[in-house]
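Coordinates in review
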Amino acid sequence: MKFGKKTAFAALVAASALVFAGCAGGGDVIEEGGGADGSSGDGEMYIALVSKGFQHQFWQAVKQGAQEKADELGVKITFEGPAAETEIAQQLEMLTSAIDKNPDAIAYAALDPEACVAPLEQAKSKDIPVVYFDAPCNGDVGLSLAATDSKVAGALAAEHMAELIGGEGEVAIVGHSQINSTGVERRDGFVEKIEADFPDIEIVDIQYGDGDHLKSADIAKTLVAAHPDLKGIYGTNEGSAIGVVNAVNELGLEKGKITIVGFDSGAAQINAIKDGTMAGAITQDPIGIGAQVVQAAYDAANGDTVDEFYDTGSYWYDSTNLEDEKIAAVLYE
C-alpha cells in the first residue's frame, strides 16, 4: 500500500503478543499473554507490536504511549524490538513469532521495507490485520501508518540550518539509514529543501552511521577533517546527532563552530542544546505515535475503518522554546 498523506487525528493499535525467550535479544515485553496460542486466555484483545529497536529513548517513549492507550482500551499488548536498528534478521524473527501467536492484530515498524513483505503476507493469509508505525513495509498488507511526515520534518531541519548559518556555506549529513523510510525521507526532505530554496548552501557529503553514536562520531570527525570550511552538520536521528555532538567535543572545537541540527529528543540532545553544543533539533511525538497505532490496531481488529496515514507532527526546538508547553509535551528524556 502507498500511504497517502492524510492529515489526521490518530488511530491506534492495541497489542498483546507472547514473546519467546529466544526472541528476547534486546526486546522488552510490556505484558505477557496467557493463552497457549498467544491469546490472553481471558477474552481480552491481544495485539503484538514489533518496533525497530530499543537503544534510543524514542522507542521507550513510543512504548509508553502504546501501553497508556492499551490500558485505556482494556487490551493486552507486547512491545518488542531488536537491540539495534541494524538487526533486521532479529526483527523478522520477532515478527514471525508474533504472527505464529495468532494475535488479534499486529503493529509493525519496518527496518527493511522489502524483507518484511513475505512474513506479512502470512499474516494476511491468517486474516490478522496489520497496521504500521514510524515506517511501513512495502506491499499491500498494511491498513494504516501512524508516523511523522519525515520529508516535512527534514525540510523543517533544512530551514533552520539555513537560517542558523546565514543562508550560505557548506553542510553535511550524518544519516541513520539508506533503507528504511525514515532515514531516506528525513535525508531527502532536507536535501530537496536546500536545493530548492538555498542555492548558496552546498551539501558536501552524506554518510551513514546506522544510528550508532560511535560510528556517527567517527563519520563526523572525518567530515570535519575533509571539509575545513564546513559550517553545519545535520544528524537524522538520536544516535546520529549525539555522534556528531561527541565528535565536536572530542575534537575540542569551540561551541557553535559547527552548527549541529539534530533529530528526535532524549536527555543527551537536550543537554547539548542547553550547553550550546547543538543548535537545535526536530522532535516528533513518539508517545502520540504509540497511542495512535494501538488505537488503529484496535479499530482494525474490530473491523472498523482506519485512515491510511496519521501524521503525528514534527516540531523544532532549541534553547529558546524548551520550556514552551507545546514543545515540552513532545520532548522525552
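This write-up is about the structure you can find in this document.

1. So, the overall build of the chain
- When helices and strands are counted, the chain shows 10 helices and 12 strands.
- Expressed as a percentage of its 333 residues, the buried residues of the chain come to 58%.
- Excluding contacts between residues fewer than 6 apart, the proportion of contacts in the chain whose partners are at least 24 apart in sequence is 76%.
- Put simply, the chain shows about 12800 Å² of open surface, and 47% of that area lies on carbon and sulfur atoms.

2. A word on the pairing of strand 10 (residues 280-283)
- A two-sided burial pattern is seen for strand 10, the buried positions comprising G280 and I282 on one face and A281 and T283 on the other.
- Across 3 bridges, strand 9 (residues 259-263) lies against strand 10 in parallel orientation. By the bridge assignment for strand 10, V261 is matched with G280.
- Two strands pair when backbone bridges link them, and strand 10 and strand 12 (residues 315-318) are joined in this way by 4 bridges, in the antiparallel orientation. Pairing of T283 across the sheet is with Y315, part of strand 12.

3. Concerning the packing of helix 7 (residues 238-250) against helix 8 (residues 267-274)
- At their nearest, the axes of helix 7 and helix 8 sit 10 Å apart, and the two run at 40 degrees to each other. As far as their axial angle goes, helix 8 and helix 7 are oblique. Between helix 7 and helix 8 the crossing geometry is left-handed. Touching E238, A241, I242 and V245 of helix 7 are A268, Q269 and A272, all from helix 8.
- Its residues placed into classes, the contact of helix 7 with helix 8 shows 5 nonpolar, 1 polar and 1 charged.

4. Considering the nonpolar core
- Judged by nonpolar contacts, the single largest core of 28 residues is most densely connected at L49, F79, V131, F133 and V293.
- Contributing elements (two or more residues each) for this core: strand 1 (46-50), helix 1 (57-73), strand 2 (76-80), strand 3 (105-108), strand 4 (130-133) and helix 9 (286-301).
- Counting 26 residues, the second-largest nonpolar core is a separate cluster that includes V174, A241, I270 and I273.

5. Details of the sheet that holds strand 8 (residues 230-235)
- Pairing in this open sheet of 6 strands is mixed, and the strands run 7-6-8-9-10-12 from one edge to the other. Whereas interior strands pair on both sides, the edge strands pair on one side only; in this sheet they are strand 7 (201-208) and strand 12. This sheet shows a mean twist of 20 degrees between the axes of neighbouring strands, independent of strand direction.
- Along the sheet, helix 4 (residues 150-164) makes contact with strand 6 (169-175), strand 7, strand 8, strand 9, strand 10 and strand 12, crossing strand 9 at roughly 165 degrees.
- Here helix 7 sits on the sheet and contacts strand 6, strand 8 and strand 9; the angle it forms with strand 9, its principal contact strand, is near 155 degrees.

6. A few points about the side chain of Q269
- The residue Q269 is located in helix 8 in this model.
- For Q269, a relative accessible area of 0% gives the class buried.
- At 3.1 Å, the side chain of Q269 forms a polar contact with the backbone oxygen of S265.
- Apart from the residues lying within four places of it in its own chain, the contact partners of Q269 are E238, A241, I242, G262, F263, D264, M278, A281 and Y317.

7. Remarks on the state of the cysteines
- What the rule picks out here adds up to 1 disulfide.
- Disulfide pairing places C116 opposite C137 at an S-S distance of 2.2 Å. Between C116 and C137 the disulfide shows an S-S torsion of about 120 degrees. By sign, it is right-handed. Of this pair, C116 sits in the loop between strand 3 and helix 3 (117-125) while C137 sits in the loop between strand 4 and strand 5 (145-147), and the two are 21 residues apart along the sequence. Like C137, C116 is buried.

8. A word on empty space enclosed by the protein
- A full pass over the atoms with the stated rule returns 1 cavity of 30 Å³ or more.
- As a volume, the largest cavity reaches approximately 80 Å³.
- What lines the largest cavity is simply K52, H56, F58, W59, E85, D134, H176, T182, R186, N237 and D264.
- Listing elements by their share of the lining of the largest cavity, those giving two or more residues are helix 1 and helix 5 (181-197).
- Looking at the lining of the largest cavity residue by residue, the class counts come to 2 nonpolar, 4 polar and 5 charged.

9. Some points on unusual backbone geometry
- Phi is positive for D127, close to 60 degrees, though the residue is something other than glycine.
- Its place among the elements puts D127 in the loop between helix 3 and strand 4.
- Even without glycine at this site, D134 takes up a positive phi of about 70 degrees.
- Looking at where D134 falls in the secondary structure, it is placed in the loop between strand 4 and strand 5.
- Judged by relative accessible area, which is 5%, D134 ranks as buried.

10. Describing the sheet that holds strand 3
- Pairing within the open sheet is parallel, and its 6 strands lie in the order 2-1-3-4-5-11. Of all strands in the sheet, those bounded by a partner on one side alone are strand 2 and strand 11 (309-311). Adjacent strand axes in the sheet meet at a mean angle of 15 degrees when their direction is disregarded.
- Sheet strands in contact with helix 2 (residues 88-100) are strand 1, strand 2 and strand 3, and its direction is about 175 degrees off that of strand 1.
- Those strands touched by helix 9 are strand 1, strand 3, strand 4, strand 5 and strand 11, and its axis lies near 170 degrees from that of strand 4.

Thresholds applied
- Residues numbered from 1 in each chain as written.
- Predicted model: local features only at pLDDT ≥ 70, side-chain atom pairs only at ≥ 80, totals over all residues.
- Heavy atoms only, no water.
- Helix = DSSP H or I, 4+ residues; strand = E, 2+ residues; numbered from the N terminus.
- Buried < 20%, exposed > 50% of the residue type's maximum accessible area, 1.4 Å probe, protein only.
- Contact = heavy atoms within 4.5 Å.
- Areas by Shrake-Rupley, 256 points an atom, 1.4 Å probe, with all protein chains shown as cover.
- Pairing = 2+ DSSP bridges.
- Axes fitted to C-alpha atoms, helices over the stretch in contact; angles between N-to-C directions.
- Parallel < 35°, antiparallel > 145°, perpendicular 65-115°, else oblique.
- Left-handed = near helix turned anticlockwise from the far one by under 90°.
- Nonpolar A, V, L, I, M, F, W, Y, C, P; charged D, E, K, R; others polar.
- Core = buried A, V, L, I, M, F, W, Y, C linked by side-chain atoms within 4.5 Å.
- Polar contact = N/O pair within 3.5 Å; in protein donor to acceptor, adjacent residues only side chain to side chain.
- Disulfide = S-S within 2.5 Å.
- 1 Å grid on protein atoms, 1.4 Å probe; cavity = no way out; pocket = protein on both sides within 12 Å on 5 of 7 lines; lining within 4 Å.
- Points joined across faces, edges and corners; volume = space filled by probe spheres on them.

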